[in-house]
Structures are given as structure tokens and as C-alpha cells.
Amino acid sequence: MFLHLLKYELKVGLRNKDLIIWLILFPIVLGIFFKVAFGSIYEKTEKFSSIPVAVVEEKENEAFRQVLESIENSDEPFLTANFVDKEEAEKLLSDGDVEGIITTDGELSLTVKEKGLRETMLKSFAEQYKIRERIAMDAINTAPEKAQEVISSLTSETVSSCRKIPLTQGNPDVYIQYFYNLIAMVAMFGCMTGMHITMQNQADLSALGARNNCSPVPKSKSVLACLVGSFVLQTICMVLCVTFLAFVLKTDFGDRLWLVYPTAVLGGIMGVTFGFMVGSLACVGEKAKVAILMTVTMSLCFCSGLMMGNMKAVIAEKIPWFNNINPAAVISDSFYCLNIYEDYDRFITKLITMAVTAAVFAALGFLASRRKKYASI
Amino acid sequence: MENTVVKIQDLVKRYGDLIALDHFSLEIKEGEIFGLLGPNGSGKTTTINCLLSLLSYDKGSIEIFGREMTPVSYDIKKEIGIIMQNVAVFDELTVYENIDYFCGLYIKDKEKRKKCIDEAVKFVGLEDFVKFYPKKLSGGLLRRLNIACGIAHKPKLIILDEPTVAVDPQSRNRILEGIQELSRNGATIIYTSHYMEEVEQICTRIAIMDKGKKVAEGTKDELKRMIKNTETITIEILELPDNVLRDISGLDHVYDTNYSDGKLSVYCSGGKHNLLRILDVLQKKELGFGRVYTELPTLNDVFLEITGTALRDKEE
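Residues numbered from 1 in each chain as written. Chains lettered and ligands numbered in written order. Predicted model: local features only at pLDDT ≥ 70, side-chain atom pairs only at ≥ 80, totals over all residues.

Peer 1: How should I be thinking about the interface of chain A and chain B in this particular structure?
Peer 2: When the parts come together, some accessible area is lost, and that loss is often what is quoted as the size of the interface. Facing 24 residues of chain A, the contacting portion of chain B comprises 26 residues. Taken together, the elements giving at least two residues each to the side of chain A that touches chain B come down to α1 (2-14) and α9 (207-213) of chain A. Of all the elements, α9 of chain A adds the most residues to the side of chain A that touches chain B, at 5 residues. Residues of the side of chain A that touches chain B, tallied by class, amount to 14 nonpolar, 5 polar and 5 charged. (Contact = placed C-beta atoms within 7 Å. Helix = DSSP H or I, 4+ residues; strand = E, 2+ residues; numbered from the N terminus. Nonpolar A, V, L, I, M, F, W, Y, C, P; charged D, E, K, R; others polar.)

As C-alpha cells, then:
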């Protein structure tokens, strides 16, 4: 009996045009839109690249040369030095080929053409160097026996009170969060299939519901079959969505794509149970239920940053607890944790949050739909 | 002695201040085609919903096949076929799949189910439409699909709640013939309708409902015998002097007359040769007349006399 119900739940779901439009086609269109809108913004505006500088050595500074060499030899050098004479340096700066001129003439000096973040970084670098150079020189002049120790401490890593968090080699593109939120939206749209479970099983909501209640199949079995069927349908939608984003739109989900799939599926299950719960608890007609679900879902997605990227940060500042209970934010956060953090602590916390939330939603839905007789039909 | 299939006792159902069923009682025997007749809002569908344990009720008891009917009476529900007033099918499933879905709720065995589905399809005449989706079917064909979904598992008790609403005459006749055939095959049938002709045509026993109450019950002949009117004679006559009308009104067995728009209606209660005696009066006064016809009382007359309102008036 269970398999009979499940078979037809899947058949009905797979032939449902609304499901195809809202859970498959709409995310594809929105994904393409996001790709067109944000695809190259990060590369062009946000991604950090080395700052080209011209170095004019009026007076030879071996220590500074070594510092520059060590910077340029690092994995991600923040500047690239071009040793030229003064005239050539000025020409390069005016042509925009370099963003600053560092002159070593007894003391380090910096010349920039414009004001900006990258110029500020150069200024900060030059000042840091000058301070450290002065400390080292003072140590050599005043206490030569401790000079080596002082220089070592200056060159070693800064001791910090912050805990070190290991990060992955994942995609640091801040615009990727729109795609995380897109997947969260598809997952939350699963509420529509969840709501149909109640439409199909409650006698006071539809003719089909009344008809099914007349059958000799226990309501719990019928609801469970519908729920499992909806999970399967939602899983198909989530897999299609992630696959399209990852392989067609070439969205970079980092180096743990294999974990993005089960995360999206769990998010989808949470969306279905959310719809099932609201459908069972709200004592209103189908159209009103749809309106409630769409309003709540889109509001949750808005708060998680689907429409405005910094919305989640605003919420985190004003009402930080809300991001922990907003299902859409929890789903998108789980992708973020997966992409950014090397360890799995945060990711697993998000997964547990999703699983517990889905279980609570499903339990509430079951409790509310247990009612056997209706006051009016 | 015939077994009682359905027994409703003293049922009361309230919607706030409105009493939908007012101490309603009913007993339906095995093999009957029992008609619940009444205007919209008289409580027919409420009765059916209470019977199926879909609706809660304030007072009374319901027994089906001698056992109390509750929402978890799955063994009773197994023997019931329900054809709802609103068509209850999946738009995403074909005709065959819809019947298979509902039949599968009752019959697990696939072979047996296939046989039942084929018989149901043939029974409602949807052989040419098995691969059609409901949206492609006309109103009549959709109603037939609704019936097939309800009867495919060969239930012992079949409940049809206004199955012919918005159905073309051809489909309506087919449905009514089908119901009679189901009865001949041994099913007990409860048929609700506000079309008295249908109820009169197929039902072996009828209960007339109004404002949640059972106002009369019996076979159609028994119901008609309950009322004064046994014959209504109508004569087309251009002019009818008052004294002639008085003479006709004074005849034996004539209890009421009405003359308007060139038509004389004479209502008789019992007696024989009423028409001849009326025509005799007209001939003696040398009054010419046109068409003459007599009508036996209908269930509408029964309803009219019992409730003071015509069944048809209530539908408007």
C-alpha cells in the first residue's frame, strides 16, 4: 500500500507543472541572471591582485631589497617591484603602469598618483618598514648584543590574541553567496510540495482530501507516503539545481562539491517539512496557505541575503539570533562554512540545525494533521 | 428478513447557530437504492459526510453493517464506495491511472485490481478515454470517471452524492442505468439528489429532507399516497365564467381549482372519472376547450404539500 501511494505521489509530482516551473525552471533562470550580473564583478573589482610599484634606489638599501624579494617570492605577493631610475618611474606612474614609487634615499619615501585602498596599503607597508628599520637600527646602536634577538622578533609573525581559523582553498568570491541563497530559495520553495501533502490528506481542504479520508488507508500511512514522495521530488530538484549551477554556469563551490549535494538535499527536506507544518497548522484555504508560505519564504530569503547581499550582516548586527533560526540563512551559511573553513565544526553544526528543524517541523505537521473528524467541510 | 446496512439515529449537527441536521434518523436495508431528496442546503451532503465520519456531529449515532462508524473503521470503509459531489480526481493522472490509484487503496493484488479497473472502465463507458487526462474530458465523462473511481473495488455500499450535477442528458441516463445495474449486482445504494425525476426513476425508497429534518419517508407510491392530491387535470379554455368555476369546484373529490392564463387546473383527491365529470360540466355550459391533460402527483407535489414550498422554488 505504501509503495502504491508513493508511486502515485511521484507520478503526480513529476507531472505537476507548478513544480517544474518554480522548482526547476525558475532557479535556472535566476541562476543565469545572477551569473550575468555577478559573474565577473569579483574578478574585476573585489579580487586582490599584486600592486605594481616602481623602486628607485637613490642609495642602495640591501635590507629593503631582501624584504621585497621575500614578498615577491611568497604565494600571493601583495606587490611586485620594478627597479628603475627616477625618470622611468615617473613615466610608469603617469602611464598607470605602477601605482606608486618607492624611493630609497637614506629614508624610504612613497609617491602615489591617486588616493585609494591599494595606495593606502602601499603607504602602510612603507611606514611599517620604516618603523621596523628604525627599531633595528636603534638596537644595533644601543645594545648590539641584543640586536639579533630584536631583529628576529621583528621578522617573526605577530603574536595575536585571535584564534587561528584554518581556511580552505575555496572560492573567496563574496558574490558566491547569491548562489548559496539561490539554492536556499529552491530548498525553501519545497514548502509548496509540503503544503500539498495536507491538501491531499485533509478532508476539509479539498475534494481529494475528503475522498482519501473515506478510504481504508490509515491517514498516518498516507501522509508518510506523501512526505517521502515529496522528499524524493525535492531531492531531484535540489540535485538538478546544484548540478546546473556547478556544471553549466560553472559556479565555483570550492573543493567540496560532493558535500554541497547532501547539504542542498537536507535543506530541501527542511523546506518540504516547513510547508507541511504550515499547511497543517494554518486553518485557511489553499490560496491563503500559498500566500502565507510565499510571503514567509521570500521574507526569510530576503533576510538571508537573496536580494541584498549584506542583509545577513545587517541581521547579524541587529538581531544575531535570527540568522541561527532562519532556515534560509542556515542553508546558505552551511554552504559558506563548507567553502571557507578547513574544519567541519561549523558545517556540522549547521547540518544538525537543519536536521533538528526539519524533524520539529515534521512532528508539528503530523500532530496537527492527526485530526480525524472535521467540524465543517 | 433484510439486513440493515445503515442505521442513523437521532443525528444532530450544528454549525454555530445553524442546525444542519435536526434529530435525523434513517435505516437503509440491504439491496435498496435509497434516495435522499431535498433542496440545496437541506442537509443531504452533511448527512453523507457524517455517515463517512468526515464530519463531527453533536448528537446521535451511526452504524454501518451493524458496527459503529468511526474515522478508524477501516474494515467498514473497505466495503464503501463513495462518489463525491465535487469530482475528486488527480489532474496529473490519466483516466486509467486515476481509477488504479483509488482502486489500489482497497485492493492490493495487481491482477485482481487490473480486472476490476477494466470492468469499471467498461461499466462507465470510458474505454476510448483511458489514456486521457481529466482536463481533456467533458463534464459528463469526468463525472463518469468519478463514478468509476468510486465503484471499481466493487463495494457493498455505494454512496452517490449528487453525481449528475452539470451532466448532459446522455451521460445522465448512462449514470442512472449504471446505478440500477450496480443495485442488481447486489450493492446497496444511497443516492442524494435535488432532481426529483432521477430519484423517482431509480430509487426504491426515498427520504425527503428539508432544513435538516426528514419530512417524509417511503417508496414513491407511499409518499404520493401521503398527500391529498391524486390527480391534477389541466384544460386549456379561453373563457371561464365564475359560476362554471364554482360548479367545478363543487364536484366530488375536487379540493382546489385555479384558472389563469387560459388554463384551468383542477386538483383532485381520490375518486374515479374525475376528468369525465369536469368535461361534462363544460359541455353542459357549451364552453369550447382546447387540450386536456392529466398529471399524477410528483415528488414535488409531495414536497409542496408537506413543506408548503415547491422543491423547484427552493432551488432558485
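Peer 1: Would you mind going over the nonpolar core with me for this structure?
Peer 2: Among soluble globular proteins, nonpolar side chains are generally buried collectively. Ile-183 and Val-186 of chain A together with Ile-99, Ala-148, Ala-152 and Ile-189 of chain B are the most contacted members of the largest nonpolar core, which totals 146 residues. Discounting chain neighbours no more than four positions away, the residues touching Ala-148 of chain B are Ile-99, Ala-120, Val-121, Phe-123, Val-124 and Leu-126 of chain B. Of all hydrophobic cores here, the second largest spans 14 residues; its members include Ala-81, Ala-89, Ile-101 and Phe-125 of chain A. (Core = buried A, V, L, I, M, F, W, Y, C linked by C-beta atoms within 7 Å. Buried ≥ 20, exposed ≤ 12 C-beta atoms within 10 Å, placed from the backbone.)

Peer 1: Looking at this structure, how should I read unusual backbone geometry?
Peer 2: Apart from glycine, the bulk of residues carry a negative phi angle, and the bulk of peptide bonds sit in the trans form. Residues and elements named next belong to chain B. Within the chain, Lys-211 stands out as a residue other than glycine whose phi angle is a positive 50 degrees. Under the C-beta neighbour-count criterion, Lys-211 is labelled partly exposed, with 16 such atoms within 10 Å. Of note, Glu-286 is a non-glycine position whose phi angle comes to about 55 degrees, a positive value. Turning to its location among the elements, Glu-286 is positioned in the loop between α10 (274-284) and β14 (292-295). Classification of Glu-286 by C-beta neighbours within 10 Å gives exposed; the count is 6.

Peer 1: Sorry, what's going on with helix α5 (residues 139-151) of chain B here?
Peer 2: Counting along an α-helix, one turn takes 3.6 residues, and residues three or four places apart therefore face a common direction. All names here are of chain B. For α5, built from 13 residues, the straight-helix expectation of 18 Å at 1.5 Å per residue is met to within 8% by its first-to-last C-alpha distance of 19 Å. Counting buried residues along α5, 10 of its 13 residues qualify, which places the element largely inside the surrounding structure. Listed in full, the buried residues belonging to α5 are Leu-141, Arg-143, Arg-144, Leu-145, Asn-146, Ile-147, Ala-148, Cys-149, Gly-150 and Ile-151. On its buried face, α5 sits against β6 (80-83), α3 (95-104), α4 (110-124), β7 (157-161) and α6 (169-184). (Expected span 1.5 Å × (residues − 1).)

Peer 1: Please clarify how the domain arrangement of chain A should be interpreted in this entry.
Peer 2: The domain architecture assigned to chain A consists of domain 1 (2-42 + 173-369) and domain 2 (50-160). The centre of domain 1 of chain A, based on its C-alpha atoms, is set 52 Å off from the matching centre of domain 2 of chain A. (Domains from an automatic or database assignment.)

Peer 1: When you look at the packing of helix α15 (residues 327-340) of chain A against helix α16 (residues 345-369) of chain A in this model, what are you seeing that I'm missing?
Peer 2: Angle between the axes and distance between the axes: these two values describe a pair of packed helices. Residue and element names in this part refer to chain A. Axis separation between α15 and α16 bottoms out at 8 Å; the angle between their running directions is 155 degrees. By the angle between their axes, α15 is roughly antiparallel relative to α16. The interaxial crossing formed by α15 with α16 has left-handed handedness. Along the contact surface, α15 presents Pro-327, Val-330, Ile-331, Asp-333, Ser-334, Cys-337 and Leu-338, while α16 presents Arg-346, Phe-347, Lys-350, Leu-351, Thr-353, Met-354 and Thr-357. The residue makeup of the contact of α15 with α16, split by class, is 8 nonpolar, 3 polar and 3 charged. (Axes fitted to C-alpha atoms, helices over the stretch in contact; angles between N-to-C directions. Parallel < 35°, antiparallel > 145°, perpendicular 65-115°, else oblique. Left-handed = near helix turned anticlockwise from the far one by under 90°.)

Peer 1: What is the right way to read the sheet that holds strand β9 (residues 205-210) of chain B from this model?
Peer 2: Across a sheet, paired strands are connected by hydrogen bonds in the backbone, their directions being either parallel or antiparallel. All names here are of chain B. Pairing is mixed across the open sheet formed by 6 strands, whose spatial order is β6-β7-β8-β3-β9-β10. Edge strands, defined here as strands with exactly one partner in the open sheet, are β6 and β10 (213-218). Put simply, the sheet's adjacent strands are angled 15 degrees from each other on average, direction ignored. With 5 bridges connecting them, strand β3 (residues 33-37) and strand β8 (residues 188-193) associate as parallel partners. Residue pairing in the sheet places Leu-37 in a bridge with Ser-193 of β8. (Pairing = 2+ DSSP bridges.)

Peer 1: So what exactly am I meant to see when it comes to the pairing of β9 of chain B here?
Peer 2: Within a regular strand, the side chains alternate between the two sheet faces. All names here are of chain B. With respect to burial, β9 is a largely interior element, 5 of its 6 residues being buried. Where β3 meets β9, 4 bridges bridge the pair, whose relative direction is parallel. Considered in β9, the bridge of Gly-35 is made with Ile-206. Note that β9 and β10 share 5 bridges and pair antiparallel. Its bridge partner being in β10, Met-209 is matched across the sheet by Lys-214. Here β9 folds back onto β10 in antiparallel fashion, the turn holding 2 residues, of which Lys-211 has a positive phi close to 50 degrees.

Peer 1: Mind showing me how you'd approach the confidence of the model for chain B here?
Peer 2: Reading predicted coordinates in detail is not appropriate for stretches of low pLDDT. All names here are of chain B. Summarising the model, chain B shows a mean pLDDT of 91, and 97% of its residues fall at 70 or more. Here helix α12 (residues 311-315) stands out as the element of chain B with the lowest mean pLDDT, 54, in contrast to α3, whose mean of 97 is the highest. Listed scores for the predicted complex are pTM 0.78 and ipTM 0.85. (pLDDT = per-residue confidence, 0-100.)

Peer 1: Could you clarify how one ought to interpret α6 of chain B in this entry?
Peer 2: Residue and element names in this part refer to chain B. With 16 residues, α6 extends 23 Å between its outermost C-alpha atoms, agreeing within 8% with the 22 Å of an ideal straight helix rising 1.5 Å per residue. Within α6 the residues assigned to the buried category are Ser-171, Ile-175, Gly-178, Ile-179 and Leu-182. The arc that holds the buried residues of α6, viewed along the axis, is 100 degrees, so those residues lie on one side. Residues Pro-169, Gln-170, Glu-177, Glu-181 and Arg-184 are exposed on α6 and point more than 90 degrees away from its buried face. Buried residues belonging to α6 abut β3, α4, α5, β7, β8 and α7 (196-202). After α6 finishes, the residue Gly-186 shows a positive phi value of roughly 110 degrees. (Arc of directions from axis to C-beta.)

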